[in-house]
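Chain by chain, the residues run as shown.
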Amino acid sequence: MRWSRARTKEAPAGVVGPARLGGRSGGGVSPELLRRVGRGDIAVIDQVDLDRATAHALVDAGVAGVVNVSPSISGRYPNLGPEILTDADVALLDDVGEGVLRRVRDGASVRLFDGGVYLGDEEIARGFSQTGDTVADQLAEARSGLAAQLEAFSANTTEFMGRERGMLLDGVGVPGLETAVHGRTVLVVAPGPDRDAELRRLKAFLREERPVLVGVGAGAESLRAAGYTPAVVVGTALEIDPELARKAVDVVIPADTDGHIAGLARLQDAGIDPVGFPSSANPEDMALLLAHRHGASLVVACGFDASLTGFLDRGRTGSNPSTVLTRLRLGQTLVDASAVAALHRHRVTMFAVLLLLLAVAAVGGAALLASGLGEAIVTLVREGWDASVAAAQGAPGGRGVGR
(Lines give C-alpha, C1' and ligand atoms only; values in the text may rest on other atoms or scores of the structure.)
Protein backbone atom coordinates (compact mmCIF):
# COMPACT_ATOMS: atom_id res chain seq x y z
CA MET A 1 0.00 0.00 0.00
CA ARG A 2 1.47 3.41 -0.98
CA TRP A 3 1.09 6.27 1.45
CA SER A 4 0.79 9.79 0.08
CA ARG A 5 3.46 12.16 1.33
CA ALA A 6 2.09 15.20 3.17
CA ARG A 7 2.99 18.48 1.57
CA THR A 8 3.70 21.55 3.63
CA LYS A 9 3.04 24.91 2.12
CA GLU A 10 6.01 27.21 2.44
CA ALA A 11 5.43 30.68 3.83
CA PRO A 12 5.84 33.38 1.16
CA ALA A 13 9.11 35.27 1.23
CA GLY A 14 9.11 38.83 2.52
CA VAL A 15 6.81 40.69 4.87
CA VAL A 16 3.07 40.00 4.65
CA GLY A 17 0.28 41.95 6.29
CA PRO A 18 -2.95 43.92 5.78
CA ALA A 19 -2.45 47.29 4.12
CA ARG A 20 -3.58 50.40 5.97
CA LEU A 21 -3.98 53.49 3.82
CA GLY A 22 -4.32 56.98 5.16
CA GLY A 23 -1.36 59.12 4.19
CA ARG A 24 -1.85 62.61 2.86
CA SER A 25 -0.47 63.20 -0.58
CA GLY A 26 2.99 64.63 -0.18
CA GLY A 27 2.33 65.68 3.43
CA GLY A 28 2.25 64.25 6.90
CA VAL A 29 0.72 60.96 7.94
CA SER A 30 -2.87 61.50 9.04
CA PRO A 31 -3.83 61.03 12.72
CA GLU A 32 -6.69 58.83 11.47
CA LEU A 33 -4.19 56.32 10.06
CA LEU A 34 -2.15 56.29 13.25
CA ARG A 35 -5.31 55.43 15.19
CA ARG A 36 -6.24 52.53 12.88
CA VAL A 37 -2.86 50.95 12.26
CA GLY A 38 -1.98 47.97 14.45
CA ARG A 39 0.42 45.13 15.04
CA GLY A 40 1.45 43.31 11.89
CA ASP A 41 -0.06 45.91 9.54
CA ILE A 42 1.69 47.47 6.58
CA ALA A 43 1.21 51.24 6.57
CA VAL A 44 0.97 52.87 3.14
CA ILE A 45 1.92 56.54 3.45
CA ASP A 46 2.93 59.49 1.30
CA GLN A 47 5.39 61.64 3.21
CA VAL A 48 8.59 63.22 1.97
CA ASP A 49 11.27 63.20 4.71
CA LEU A 50 9.66 60.87 7.24
CA ASP A 51 9.95 62.56 10.64
CA ARG A 52 10.84 61.04 13.99
CA ALA A 53 7.45 61.53 15.67
CA THR A 54 5.60 59.68 12.89
CA ALA A 55 8.18 56.87 12.85
CA HIS A 56 7.89 56.42 16.62
CA ALA A 57 4.10 56.27 16.35
CA LEU A 58 4.32 53.57 13.67
CA VAL A 59 6.82 51.54 15.69
CA ASP A 60 4.69 51.86 18.83
CA ALA A 61 1.70 50.59 16.84
CA GLY A 62 3.70 47.47 15.94
CA VAL A 63 3.62 47.76 12.15
CA ALA A 64 5.49 45.10 10.19
CA GLY A 65 6.26 47.34 7.23
CA VAL A 66 5.93 50.82 5.76
CA VAL A 67 5.40 51.61 2.08
CA ASN A 68 6.13 55.24 1.23
CA VAL A 69 4.87 56.71 -2.02
CA SER A 70 7.54 59.42 -1.71
CA PRO A 71 11.22 59.32 -0.70
CA SER A 72 11.60 58.96 3.06
CA ILE A 73 14.90 60.86 2.78
CA SER A 74 14.92 63.62 0.18
CA GLY A 75 18.41 64.87 1.05
CA ARG A 76 17.26 68.30 2.24
CA TYR A 77 18.33 67.53 5.82
CA PRO A 78 19.10 64.43 7.93
CA ASN A 79 15.59 63.49 9.08
CA LEU A 80 15.41 60.81 11.76
CA GLY A 81 12.30 58.77 10.86
CA PRO A 82 13.79 56.14 8.50
CA GLU A 83 16.57 55.29 10.96
CA ILE A 84 14.01 54.66 13.71
CA LEU A 85 12.08 52.24 11.48
CA THR A 86 15.13 50.26 10.34
CA ASP A 87 16.52 50.10 13.89
CA ALA A 88 13.18 48.56 14.95
CA ASP A 89 13.37 45.99 12.10
CA VAL A 90 10.37 47.49 10.32
CA ALA A 91 10.53 46.90 6.57
CA LEU A 92 10.69 50.23 4.74
CA LEU A 93 9.97 50.38 1.02
CA ASP A 94 10.62 53.82 -0.42
CA ASP A 95 9.52 55.91 -3.41
CA VAL A 96 7.04 53.41 -4.91
CA GLY A 97 4.92 56.03 -6.71
CA GLU A 98 1.25 56.96 -6.46
CA GLY A 99 0.07 53.92 -8.40
CA VAL A 100 0.09 51.82 -5.23
CA LEU A 101 -2.68 54.01 -3.76
CA ARG A 102 -4.95 53.14 -6.72
CA ARG A 103 -4.14 49.43 -6.78
CA VAL A 104 -4.37 48.58 -3.07
CA ARG A 105 -7.58 48.61 -1.04
CA ASP A 106 -7.48 49.29 2.69
CA GLY A 107 -7.24 45.98 4.53
CA ALA A 108 -6.03 43.97 1.53
CA SER A 109 -3.21 41.53 2.21
CA VAL A 110 0.03 42.72 0.59
CA ARG A 111 3.57 41.37 0.54
CA LEU A 112 6.82 43.31 0.50
CA PHE A 113 9.74 41.47 -1.04
CA ASP A 114 12.98 42.53 -2.73
CA GLY A 115 11.80 46.08 -3.45
CA GLY A 116 8.35 45.08 -4.75
CA VAL A 117 4.79 45.33 -3.47
CA TYR A 118 2.74 42.23 -4.29
CA LEU A 119 -0.96 41.39 -4.32
CA GLY A 120 -0.85 37.62 -4.34
CA ASP A 121 1.76 36.78 -6.96
CA GLU A 122 1.32 40.02 -8.91
CA GLU A 123 3.80 42.85 -8.44
CA ILE A 124 1.84 46.11 -8.41
CA ALA A 125 4.58 48.60 -7.43
CA ARG A 126 8.31 48.76 -7.05
CA GLY A 127 10.50 50.95 -4.90
CA PHE A 128 13.74 50.99 -2.94
CA SER A 129 14.17 48.74 0.11
CA GLN A 130 15.84 50.72 2.87
CA THR A 131 18.28 49.09 5.30
CA GLY A 132 20.32 50.43 8.17
CA ASP A 133 23.31 50.89 5.86
CA THR A 134 21.43 52.66 3.07
CA VAL A 135 19.74 54.98 5.56
CA ALA A 136 23.10 55.85 7.16
CA ASP A 137 24.60 56.63 3.75
CA GLN A 138 21.69 58.86 2.75
CA LEU A 139 21.69 60.71 6.07
CA ALA A 140 25.41 61.42 5.71
CA GLU A 141 24.75 63.00 2.31
CA ALA A 142 21.73 64.89 3.63
CA ARG A 143 23.79 66.72 6.26
CA SER A 144 25.12 68.93 3.50
CA GLY A 145 21.57 70.25 3.02
CA LEU A 146 21.37 71.85 6.48
CA ALA A 147 22.62 75.26 5.31
CA ALA A 148 19.93 75.50 2.64
CA GLN A 149 17.26 74.54 5.17
CA LEU A 150 18.36 77.25 7.58
CA GLU A 151 18.25 79.83 4.77
CA ALA A 152 14.73 78.73 3.87
CA PHE A 153 13.78 78.98 7.53
CA SER A 154 14.59 82.69 7.67
CA ALA A 155 12.11 83.36 4.88
CA ASN A 156 9.45 81.16 6.52
CA THR A 157 9.94 82.96 9.82
CA THR A 158 9.36 86.36 8.24
CA GLU A 159 6.19 85.08 6.58
CA PHE A 160 4.90 83.48 9.79
CA MET A 161 5.61 86.60 11.83
CA GLY A 162 3.70 88.76 9.36
CA ARG A 163 0.76 86.36 9.40
CA GLU A 164 0.63 85.81 13.18
CA ARG A 165 1.89 89.15 14.48
CA GLY A 166 -1.34 90.01 16.28
CA MET A 167 -1.49 86.65 18.01
CA LEU A 168 2.17 86.60 19.08
CA LEU A 169 2.38 90.18 20.31
CA ASP A 170 -1.13 90.95 21.54
CA GLY A 171 -2.78 87.55 21.98
CA VAL A 172 -5.34 88.19 19.24
CA GLY A 173 -7.37 85.02 18.67
CA VAL A 174 -6.07 83.16 21.73
CA PRO A 175 -9.21 81.59 23.23
CA GLY A 176 -10.27 81.93 26.85
CA LEU A 177 -9.98 79.10 29.38
CA GLU A 178 -12.19 78.02 32.26
CA THR A 179 -9.13 76.51 33.95
CA ALA A 180 -7.49 78.88 36.43
CA VAL A 181 -3.96 79.44 35.11
CA HIS A 182 -2.91 82.90 36.30
CA GLY A 183 0.02 82.79 38.72
CA ARG A 184 0.32 79.00 38.57
CA THR A 185 2.87 76.58 37.16
CA VAL A 186 1.74 74.84 33.97
CA LEU A 187 3.10 71.54 32.62
CA VAL A 188 2.58 71.10 28.86
CA VAL A 189 3.09 67.52 27.63
CA ALA A 190 3.66 67.35 23.87
CA PRO A 191 3.66 64.16 21.74
CA GLY A 192 7.46 63.98 21.55
CA PRO A 193 9.19 60.59 21.65
CA ASP A 194 10.75 61.19 25.10
CA ARG A 195 7.61 62.39 26.84
CA ASP A 196 6.97 59.22 28.90
CA ALA A 197 10.52 59.09 30.28
CA GLU A 198 10.43 62.80 31.10
CA LEU A 199 7.08 62.40 32.87
CA ARG A 200 8.52 59.65 35.07
CA ARG A 201 11.42 61.90 36.07
CA LEU A 202 8.93 64.66 36.98
CA LYS A 203 6.94 62.50 39.40
CA ALA A 204 8.18 64.26 42.56
CA PHE A 205 7.75 67.67 40.92
CA LEU A 206 4.15 66.86 39.99
CA ARG A 207 3.34 65.63 43.49
CA GLU A 208 4.77 68.68 45.24
CA GLU A 209 3.96 71.50 42.78
CA ARG A 210 0.58 70.24 41.51
CA PRO A 211 0.82 72.21 38.24
CA VAL A 212 -1.96 72.77 35.73
CA LEU A 213 -1.71 69.83 33.30
CA VAL A 214 -2.02 70.48 29.57
CA GLY A 215 -1.92 67.50 27.19
CA VAL A 216 -1.24 67.94 23.48
CA GLY A 217 -2.39 65.09 21.21
CA ALA A 218 -0.66 61.89 22.31
CA GLY A 219 0.79 63.84 25.24
CA ALA A 220 -2.68 63.82 26.81
CA GLU A 221 -2.72 60.03 26.46
CA SER A 222 0.65 59.85 28.23
CA LEU A 223 -0.72 61.87 31.14
CA ARG A 224 -3.67 59.49 31.44
CA ALA A 225 -1.39 56.44 31.29
CA ALA A 226 0.72 57.94 34.10
CA GLY A 227 -2.38 58.36 36.28
CA TYR A 228 -3.10 62.05 35.68
CA THR A 229 -6.06 63.85 34.10
CA PRO A 230 -5.16 66.89 31.98
CA ALA A 231 -7.18 70.00 32.72
CA VAL A 232 -6.64 71.25 29.17
CA VAL A 233 -6.45 69.09 26.04
CA VAL A 234 -5.06 70.60 22.83
CA GLY A 235 -4.95 68.94 19.41
CA THR A 236 -6.73 68.38 16.15
CA ALA A 237 -10.28 67.08 16.21
CA LEU A 238 -9.15 63.82 14.61
CA GLU A 239 -6.41 63.00 17.13
CA ILE A 240 -8.15 63.87 20.39
CA ASP A 241 -9.68 60.94 22.27
CA PRO A 242 -13.31 61.90 23.05
CA GLU A 243 -13.33 59.90 26.30
CA LEU A 244 -10.32 61.80 27.60
CA ALA A 245 -11.62 65.13 26.28
CA ARG A 246 -14.86 64.72 28.25
CA LYS A 247 -12.86 64.64 31.50
CA ALA A 248 -10.92 67.82 30.67
CA VAL A 249 -12.09 71.27 31.69
CA ASP A 250 -11.04 72.85 28.38
CA VAL A 251 -10.63 71.36 24.89
CA VAL A 252 -8.82 73.56 22.36
CA ILE A 253 -8.39 72.63 18.69
CA PRO A 254 -6.71 74.45 15.78
CA ALA A 255 -8.99 76.40 13.49
CA ASP A 256 -8.61 78.16 10.15
CA THR A 257 -8.47 81.94 10.10
CA ASP A 258 -12.12 81.96 8.98
CA GLY A 259 -13.11 79.87 12.01
CA HIS A 260 -13.58 76.57 10.19
CA ILE A 261 -12.53 73.52 12.24
CA ALA A 262 -11.77 70.29 10.41
CA GLY A 263 -13.42 67.25 12.00
CA LEU A 264 -15.45 69.28 14.50
CA ALA A 265 -18.53 67.06 14.06
CA ARG A 266 -16.61 64.08 15.46
CA LEU A 267 -16.20 65.77 18.84
CA GLN A 268 -19.65 67.36 18.86
CA ASP A 269 -21.23 63.94 18.25
CA ALA A 270 -19.40 62.76 21.38
CA GLY A 271 -20.93 65.59 23.42
CA ILE A 272 -17.82 67.79 23.44
CA ASP A 273 -17.93 71.49 22.62
CA PRO A 274 -14.32 72.56 21.98
CA VAL A 275 -13.06 76.08 21.39
CA GLY A 276 -11.13 76.95 18.25
CA PHE A 277 -7.69 78.52 18.14
CA PRO A 278 -7.34 80.28 14.75
CA SER A 279 -3.62 80.01 14.04
CA SER A 280 -1.16 78.28 11.72
CA ALA A 281 1.08 77.41 14.69
CA ASN A 282 1.36 73.75 15.57
CA PRO A 283 -0.71 72.43 18.53
CA GLU A 284 2.32 72.16 20.85
CA ASP A 285 3.09 75.84 20.44
CA MET A 286 -0.58 76.73 20.78
CA ALA A 287 -0.56 75.09 24.21
CA LEU A 288 2.51 77.10 25.27
CA LEU A 289 0.93 80.34 24.04
CA LEU A 290 -2.30 79.54 25.87
CA ALA A 291 -0.46 79.11 29.16
CA HIS A 292 1.55 82.30 28.65
CA ARG A 293 -1.42 84.39 27.56
CA HIS A 294 -3.43 83.38 30.63
CA GLY A 295 -0.71 84.39 33.06
CA ALA A 296 1.18 81.21 33.97
CA SER A 297 4.07 81.99 36.30
CA LEU A 298 6.15 79.11 34.89
CA VAL A 299 5.62 76.83 31.88
CA VAL A 300 7.38 73.46 31.89
CA ALA A 301 7.69 71.89 28.42
CA CYS A 302 7.67 68.07 28.40
CA GLY A 303 8.06 66.08 25.18
CA PHE A 304 9.56 68.95 23.20
CA ASP A 305 12.80 68.65 21.22
CA ALA A 306 14.79 71.88 21.13
CA SER A 307 17.88 70.46 19.44
CA LEU A 308 18.91 71.55 15.93
CA THR A 309 18.19 68.13 14.43
CA GLY A 310 14.84 67.91 16.16
CA PHE A 311 14.10 71.48 15.14
CA LEU A 312 14.51 70.60 11.47
CA ASP A 313 12.83 67.20 11.80
CA ARG A 314 9.26 68.41 11.64
CA GLY A 315 6.47 66.78 9.70
CA ARG A 316 4.25 69.86 9.49
CA THR A 317 4.81 72.94 7.36
CA GLY A 318 5.40 76.06 9.43
CA SER A 319 6.36 74.22 12.60
CA ASN A 320 9.87 75.63 12.69
CA PRO A 321 8.97 79.35 12.70
CA SER A 322 6.12 78.58 15.11
CA THR A 323 8.45 76.80 17.54
CA VAL A 324 11.22 79.38 17.53
CA LEU A 325 8.96 82.43 17.78
CA THR A 326 6.87 80.83 20.52
CA ARG A 327 9.97 80.19 22.62
CA LEU A 328 11.06 83.78 22.08
CA ARG A 329 7.59 84.97 23.14
CA LEU A 330 7.60 82.99 26.40
CA GLY A 331 11.20 83.91 27.22
CA GLN A 332 12.29 83.07 30.77
CA THR A 333 8.82 81.77 31.63
CA LEU A 334 9.53 78.61 29.62
CA VAL A 335 11.66 75.80 31.09
CA ASP A 336 12.34 72.36 29.59
CA ALA A 337 11.26 69.34 31.63
CA SER A 338 14.75 67.84 31.57
CA ALA A 339 16.11 70.91 33.38
CA VAL A 340 13.32 70.81 35.97
CA ALA A 341 13.92 67.12 36.64
CA ALA A 342 17.66 67.72 37.04
CA LEU A 343 17.33 70.71 39.36
CA HIS A 344 14.25 69.84 41.38
CA ARG A 345 14.84 68.65 44.94
CA HIS A 346 12.33 67.27 47.43
CA ARG A 347 11.15 69.90 49.89
CA VAL A 348 11.59 68.97 53.58
CA THR A 349 8.49 70.19 55.41
CA MET A 350 8.34 71.20 59.12
CA PHE A 351 5.96 68.32 59.74
CA ALA A 352 8.56 65.88 58.40
CA VAL A 353 11.23 67.45 60.66
CA LEU A 354 8.99 67.07 63.75
CA LEU A 355 8.29 63.46 62.87
CA LEU A 356 12.01 62.84 62.56
CA LEU A 357 12.72 64.43 65.97
CA LEU A 358 9.96 62.41 67.62
CA ALA A 359 11.30 59.24 66.06
CA VAL A 360 14.82 60.00 67.32
CA ALA A 361 13.49 60.74 70.80
CA ALA A 362 11.50 57.52 70.84
CA VAL A 363 14.47 55.46 69.74
CA GLY A 364 16.73 57.15 72.31
CA GLY A 365 14.23 56.55 75.10
CA ALA A 366 13.84 52.91 74.18
CA ALA A 367 17.62 52.49 74.12
CA LEU A 368 17.98 54.03 77.60
CA LEU A 369 15.29 51.83 79.09
CA ALA A 370 16.84 48.75 77.53
CA SER A 371 20.29 49.65 78.94
CA GLY A 372 19.05 49.97 82.57
CA LEU A 373 20.32 53.54 82.86
CA GLY A 374 16.99 55.15 82.30
CA GLU A 375 16.04 55.42 86.03
CA ALA A 376 19.43 56.89 86.97
CA ILE A 377 19.23 59.49 84.19
CA VAL A 378 15.69 60.45 85.21
CA THR A 379 16.88 60.91 88.83
CA LEU A 380 19.78 63.10 87.69
CA VAL A 381 17.48 65.22 85.54
CA ARG A 382 15.01 65.63 88.46
CA GLU A 383 17.76 66.61 90.91
CA GLY A 384 19.18 69.09 88.41
CA TRP A 385 15.78 70.63 87.94
CA ASP A 386 15.18 70.93 91.71
CA ALA A 387 18.58 72.56 92.14
CA SER A 388 17.82 75.07 89.39
CA VAL A 389 14.47 75.96 91.01
CA ALA A 390 16.09 76.41 94.44
CA ALA A 391 18.80 78.65 93.00
CA ALA A 392 16.20 80.77 91.23
CA GLN A 393 14.19 81.20 94.44
CA GLY A 394 17.30 82.26 96.37
CA ALA A 395 18.45 84.79 93.82
CA PRO A 396 18.03 88.58 94.44
CA GLY A 397 14.51 89.57 93.72
CA GLY A 398 13.33 85.98 94.30
CA ARG A 399 10.92 84.99 97.07
CA GLY A 400 13.39 82.79 98.95
CA VAL A 401 12.56 79.63 100.89
CA GLY A 402 12.74 81.19 104.42
CA ARG A 403 10.77 84.28 103.71
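Remember, predicted model here, so these are calculated numbers, not experimental data.

K.L.:
Kindly report on the overall build of the protein chain, identifying the contributing residues and their values.
P.N.:
When its secondary structure is counted, the protein chain shows 17 helices and 15 strands. Among the 403 residues that make up the protein chain, the fraction classed as buried is 40%. Counting only contacts in the protein chain whose residues sit at least 6 apart along the sequence, the fraction spanning at least 24 positions is 64%. Split by element, the accessible area of the protein chain, about 21800 Å² in all, is 55% carbon and sulfur.

K.L.:
I'd like to hear about the pattern of salt bridges, residue by residue, with values.
P.N.:
What the rule picks out here adds up to 9 salt bridges. A salt bridge links Arg 20 to Asp 106; the nearest nitrogen and oxygen atoms lie 3.5 Å apart. Placement of Arg 20 in strand S1 (residues 15-21) and of Asp 106 in the loop between helix H4 (99-103) and strand S5 (109-113) is noted, with a sequence separation of 86 residues between them. Relative accessible area serves as the criterion here: at 22%, Arg 20 is assigned to the partly exposed category. Asp 106 is the partner of Arg 36 in a salt bridge, and the nearest nitrogen-oxygen pair spans 3.1 Å. In this pair, Arg 36 is assigned in helix H1 (residues 31-36) and Asp 106 in the loop between H4 and S5, connecting sequence segments 70 residues apart.

K.L.:
Explain the sheet that holds strand S9 (residues 185-189) to me, using residue names and the numbers behind them.
P.N.:
The 7 strands are arranged S13-S12-S11-S10-S9-S14-S15 in an open sheet whose pairing can be described as parallel. The sheet is open, and its two edges are formed by strand S13 (275-278) and strand S15 (334-336), each paired on a single side. Going from strand to strand, the sheet's axes swing by 25° on average, the running direction of each strand aside. The pairing of S9 with strand S10 (residues 212-216) spans 4 bridges and is classified as parallel. Each residue of the ladder has a partner; that of Val 189, found in S10, is Gly 215. Against the sheet, helix H9 (residues 218-225) contacts S9, S10 and strand S11 (232-234), and its axis sits at roughly 130° relative to S10.

K.L.:
Can you lay out unusual backbone geometry for me, pointing to particular residues and giving the numbers?
P.N.:
If you check the backbone angles, Asp 89 has positive phi at about 60° while not being a glycine. Despite not being glycine, Arg 210 has its phi angle at roughly 50°, a positive value. Under the relative-accessibility criterion, Arg 210 is labelled exposed at 63%.

K.L.:
Got a sec to walk through the packing of aromatic side chains? Specific residues and values, please.
P.N.:
Counted by the stated rule, this structure contains 0 aromatic pairs. Sitting above the plane of the Tyr 118 ring, Arg 111 keeps its charged end 4.6 Å from the centroid.

K.L.:
Any chance you could break down empty space enclosed by the protein for me, citing the residues and the numbers?
P.N.:
Applying the stated criterion across every chain, the model contains 2 cavities of 30 Å³ or more. Around the largest cavity, the lining residues are Met 167, Leu 168, Leu 169, Asp 170, Gly 171, Val 174, Leu 289, His 292, Arg 293 and Arg 329. Every element with two or more residues in the lining of the largest cavity is listed here: helix H6 (146-170) and helix H12 (283-293). Broken down by element, the residue count for the lining of the largest cavity peaks at 4 residues, all from H6. The residue inventory of the lining of the largest cavity, partitioned by class, reads 5 nonpolar, 2 polar and 3 charged. Looking at the second largest cavity, its volume works out to about 60 Å³. Leu 177, Val 181, Val 186, Val 212, Val 214, Val 232, Val 234, Ala 287, Leu 290 and Ala 291 are the residues that line the second largest cavity. Those elements giving two or more residues to the lining of the second largest cavity turn out to be S10, S11 and H12. Of the residues forming the lining of the second largest cavity, the biggest block, 3 residues, is contributed by H12. Of the residues assigned to the lining of the second largest cavity, the class counts are 10 nonpolar, no polar and no charged.

K.L.:
Kindly report on the confidence of the model for the protein chain, identifying the contributing residues and their values.
P.N.:
For the protein chain, per-residue confidence averages 82 on the pLDDT scale, and 79% of positions sit at 70 or higher. Across residues 1-8, where pLDDT falls below 50, the model places 0 contacts with residues more than four positions away in sequence or in other chains. For residues 397-403, every residue scores under 50 in pLDDT, and the model assigns this stretch 6 contacts once sequence neighbours within four places are set aside.

Rules of the game
- Residues numbered from 1 in each chain as written.
- Predicted model: local features only at pLDDT ≥ 70, side-chain atom pairs only at ≥ 80, totals over all residues.
- Heavy atoms only, no water.
- Helix = DSSP H or I, 4+ residues; strand = E, 2+ residues; numbered from the N terminus.
- Buried < 20%, exposed > 50% of the residue type's maximum accessible area, 1.4 Å probe, protein only.
- Contact = heavy atoms within 4.5 Å.
- Areas by Shrake-Rupley, 256 points an atom, 1.4 Å probe, with all protein chains shown as cover.
- Salt bridge = Lys/Arg side-chain N within 4 Å of Asp/Glu carboxyl O.
- Pairing = 2+ DSSP bridges.
- Axes fitted to C-alpha atoms, helices over the stretch in contact; angles between N-to-C directions.
- Phe/Tyr/Trp six-rings, centres within 6.5 Å; stacked < 30°, edge-to-face > 60°.
- Lys NZ or Arg CZ within 6 Å of the ring centre and 35° of its normal.
- 1 Å grid on protein atoms, 1.4 Å probe; cavity = no way out; pocket = protein on both sides within 12 Å on 5 of 7 lines; lining within 4 Å.
- Points joined across faces, edges and corners; volume = space filled by probe spheres on them.
- Nonpolar A, V, L, I, M, F, W, Y, C, P; charged D, E, K, R; others polar.
- pLDDT = per-residue confidence, 0-100.

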